[in-house]
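One letter stands for each residue in the lines below.
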Amino acid sequence: KKRILSGIQPSGTLTLGNYIGALQHFVRLQEEEECYFCIVDYHAITLPRNVEQLRENKRKLAATYLAVGIDPEKATLFAQSDVSAHLELGWIMITTSYMGELERMTQFKEKSKEAESIPAGLFTYPSLQAADIVLYNATHVPVGDDQKQHLELARDLAQRFNQRYGETFVIPEPMIAEFGARIMSLTEPTSKMSKSSLVEGSYISLLDDLKTVEKKIKRAVTDSENEIRFDAVNKPAVSNLLTIYSSITNKSMAEAEEHFAGKGYGALKTEVAEVVVDMLKPFQEKYEYYYQSEELDKLMQHGAEKARKVANETLQKVRDTLGVGFTN
Ligand code: TYM
């Protein structure tokens, strides 16, 4: 069995990109593998957050995980901040990191560009992410393409620690799908679909009203040809729509291309909108239920207890390996 860990930041409503690049894989993986899925709220505070909003976003994300079909009987679903071992090992991974490698992280470079003063936590963010992963001895980490660099760093840190102190951590493998790991903006198909975009029509929020979803997809840009085929370089917009279609219907890209052979862009958009709406409709109903329910709080507590057991065991070993503490 593989050991899977992945995390999502509670920083707003998730997009179709988060679903296709991450959540959809989580749901599939829980059937076969030992899975840990995390709401990384300590990562979310690396940029200043409004407290009420964080509370809401945390609950939204928990409800989203449950409504897409994460089953707390099959997978361990928990909040990072409920398992204090993340921060302890996070510090240890910071001590294992070099300034130079953290400075090279593109996400850090981008986010610090916008900040007036750069928060230190934004800088050490990837070290905490590495701790999240090795704490559960994860063998595989399913993520979208934008996390690739962070995962390479996580591997480097795990390896460095093992070299310094002796075999301790499993070296995690990224799991990045060939298609769908980078869902693009609907209006500007050379940039990533992101909820922080200022152009509303560029992304689909999982909580968008279904009429709006349809409208956004119908207004998506295409290109001046009329042939539906996958070519991310020359036809990024059409390729993105094809990717959305194939990911949600679970068809291969070849099957998707075949399905649309000879059809026009109008038909492509209609069918993409259809499959997205069909996926979102039951999701949104379950979401409403979970968001309001007390069951959600119980499930998150239960998940935290399960996660703590595994995490604390790793942390004990690491403390011992490092020679710190008197009460191991
Ligand atoms: P976050 O919260 O930004 O994104 C959550 C997941 O969604 C993927 N994703 C996308 N996939 C395809 N197309 C897109 N347009 C798109 N946008 C986002 C992301 O790649 C990610 O898999 N640092 C992480 C959170 C994290 C983590 C971890 C992940 C913290 N600790 C440990 C894995 C393991 C982040 O900010 O993801």
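- As annotated in an unreviewed UniProt entry, the chain is Tryptophan--tRNA ligase from Caldalkalibacillus horti.
- Regarding the chain, the UniProt comment filed under Catalytic activity (unreviewed entry) reads as follows: "tRNA(Trp) + L-tryptophan + ATP = L-tryptophyl-tRNA(Trp) + AMP + diphosphate + H(+)".

### Some remarks on the packing of aromatic side chains
Here's step 1: The full count for this structure, using the stated rule, is 13 aromatic pairs.
Here's step 2: Taking the centre distance of 6.4 Å and the plane angle of 25 degrees together, the rings of phenylalanine 37 and tyrosine 65 count as stacked. With phenylalanine 37 in strand β2 (residues 34-39) and tyrosine 65 in helix α3 (residues 51-68), the pair connects residues that are 28 residues apart, well separated along the chain.
Here's step 3: Here phenylalanine 37 falls in the buried class, since its relative accessible area comes to 0%.

### Some remarks on the pattern of salt bridges
Here's step 1: A complete count under the given rule lists 18 salt bridges for this structure.
Here's step 2: One salt bridge connects arginine 160 with glutamate 101, and the closest N-O pair in it is separated by 2.6 Å. A residue pair is termed long-range when its members are at least 10 positions apart, and arginine 160 in helix α8 (residues 148-165) and glutamate 101 in helix α5 (residues 99-103) qualify at 59 residues.
Here's step 3: Relative accessible area serves as the criterion here: at 16%, arginine 160 is assigned to the buried category.
Here's step 4: Glutamate 101 sits in the buried class, given a relative accessible area of 8%.
Here's step 5: Between arginine 229 and glutamate 227 there is a salt bridge; the shortest N-O distance is 3.1 Å.
Here's step 6: A cluster of three or more residues bridged by salt bridges with shared partners is formed by Asp223, Glu225, Glu227, Arg229, Asp231 and Lys235.

Conventions and cut-offs
- Residues numbered from 1 in each chain as written.
- Predicted model: local features only at pLDDT ≥ 70, side-chain atom pairs only at ≥ 80, totals over all residues.
- Heavy atoms only, no water.
- UniProt positions renumbered as here; feature names shortened; annotations may be inferred.
- Phe/Tyr/Trp six-rings, centres within 6.5 Å; stacked < 30°, edge-to-face > 60°.
- Helix = DSSP H or I, 4+ residues; strand = E, 2+ residues; numbered from the N terminus.
- Buried < 20%, exposed > 50% of the residue type's maximum accessible area, 1.4 Å probe, protein only.
- Salt bridge = Lys/Arg side-chain N within 4 Å of Asp/Glu carboxyl O.

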